[in-house]
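# Observations on the model geometry
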Amino acid sequence: MIVVTGATGNVGRALVRELVEAGQQVTAVARRIEATDVPAGVRAVTADLGDADSLSGALSGAKALFLLVAGEDPAGVLARAKAAGVARVVLLSSQGVGTRPGGAYAHAAGFEQAVAASGLEFTVLRSGGMASNAFAWAEPIRAHRTAAAPFAEVGLPFVDPDDVAAVAAAVLTGDGHDGATYVLTGPAPTTPRQRAEAIGRAIGEPVTFVEQTREQAHAQMSAFMPAPVVEGTLSILGEPTEAEQAVSPDVERVLGRPATPFAAWATRNAAAFR
């Protein structure tokens, strides 16, 4: 049995599907989840990573755990996993832990430290920005065929969340990954303007790109992100380090195939923008 936390999210949903297709028994965990949210045969359990005790039922009989950075007690979650017989944990973390230690990424760094100290087999997946962030454009593209973002010409190698899920599935079910930290990116940097153009091609209609100022983007993001996360995100988007703009080989190293381009993600998800 493999337990997947965040099972209704962009990565978790794809990971559950990958594991089921590989013949694994899966328990899907989220704060709000119904049996209809998961494939047939998958056990859906409502639990909250902010309350380690709520995970006890989900962890029963599990051999591996896919863990998100959520809540404030990673050591408590991991202790309960170990007590339940879990032998392996795969943590979905952020590339920023390595490129921008401290600050907005201190929380994720604390989870990485707890996983490394847990006594379990562990692998850390440090994801770069995800292609699914473009879903924030879905409503304005559907309504007005426009997409707004700051730093129009700054390129970053956004990763397809399905690639993150595929790597997680390979690590959860395969050998040779204990103690590894993988950085997951797409196959090439793309700018916000290029991503908007790719969505336009996917839906067969042009999308007008509107470049925001940093201040406009800050105000918009502050409506749903904590202040340190807003600042950290804008710093990466506008002033990325060389490492943040670099393409990592780790997706291809683990999966034996190239990472998925943003344009392919846009084509697969075109219905969300029509």
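The structure this text deals with has already been given above.
A few points on the structure. (Residues numbered from 1 in each chain as written. Predicted model: local features only at pLDDT ≥ 70, side-chain atom pairs only at ≥ 80, totals over all residues. Heavy atoms only, no water.)

Inspection of the secondary structure puts Ala40 in the loop between strand 2 (26-30) and strand 3 (43-46). Residue Ala40 is classed as exposed on the basis of its relative accessible area, which comes to 78%. Sequence-wise, Ala40 and Ser93 are 53 residues apart; in three dimensions their C-alpha atoms are separated by 29 Å. (Helix = DSSP H or I, 4+ residues; strand = E, 2+ residues; numbered from the N terminus. Buried < 20%, exposed > 50% of the residue type's maximum accessible area, 1.4 Å probe, protein only.)

Once that is clear, we can look at the side chain of Asp250. On the secondary structure map, Asp250 appears in helix 12 (residues 250-255). Setting aside its immediate chain neighbours within four residues, Asp250 contacts Thr181, Tyr182, Val183 and Leu184. (Contact = heavy atoms within 4.5 Å.)

What follows deals with the sheet that holds strand 8 (residues 181-184). The seven strands lie next to each other as 3-2-1-4-5-6-8, forming an open sheet whose pairing is parallel. With partners counted over all chains shown, the strands left at the sheet margins are strand 3 and strand 8, one partner each. Adjacent strand axes in the sheet meet at a mean angle of 20 degrees when their direction is disregarded. In the packing of helix 5 (residues 106-116) onto the sheet, contacts are made with strand 4 (64-68), strand 5 (88-94) and strand 6 (121-127), and the angle to strand 5 comes to roughly 160 degrees. Packing against the sheet, helix 7 (residues 161-173) makes contact with strand 1 (2-5), strand 4, strand 5, strand 6 and strand 8, and its axis sits at approximately 155 degrees to strand 5. (Pairing = 2+ DSSP bridges. Axes fitted to C-alpha atoms, helices over the stretch in contact; angles between N-to-C directions.)

Below, the discussion takes up the packing of aromatic side chains. Inspection of the entire model under this criterion finds five aromatic pairs. With a centroid separation of 5.4 Å and 35 degrees between ring planes, the pair formed by Phe262 and Trp265 is classed as tilted. Placement of both Phe262 and Trp265 in helix 13 (residues 262-268) is noted, with a separation of three residues, approximately one turn of the helix. Its relative accessible area of 6% is what places Phe262 among the buried residues. Their ring planes at 70 degrees and their centres at 6.1 Å tell us that Trp265 and Phe273 sit as a pair that is edge-to-face. This pair shows no difference in class: Trp265 is buried, exactly as Phe273 is. Positioned above the aromatic ring of Phe158, the side-chain terminus of Arg195 is 3.9 Å from the ring centre. (Phe/Tyr/Trp six-rings, centres within 6.5 Å; stacked < 30°, edge-to-face > 60°. Lys NZ or Arg CZ within 6 Å of the ring centre and 35° of its normal.)

Let's shift gears to helix 5. Turning to helix 5, its buried residues number three or more, namely Ala108, Ala109, Phe111, Glu112, Ala114 and Val115. Contacts from the buried residues of helix 5 go to strand 4, helix 3 (74-83), strand 5, helix 4 (96-99) and strand 6.

Relative to the helices and strands, Ala104 resides in the loop between helix 4 and helix 5. We classify Ala104 as partly exposed; its relative accessible area is 26%. With 81 residues separating them in the primary sequence, Ala104 and Thr185 have C-alpha atoms 20 Å apart. When sequence neighbours within four positions are dropped, the list of residues in contact with Ala104 reads Pro228, Val229 and Gly232.

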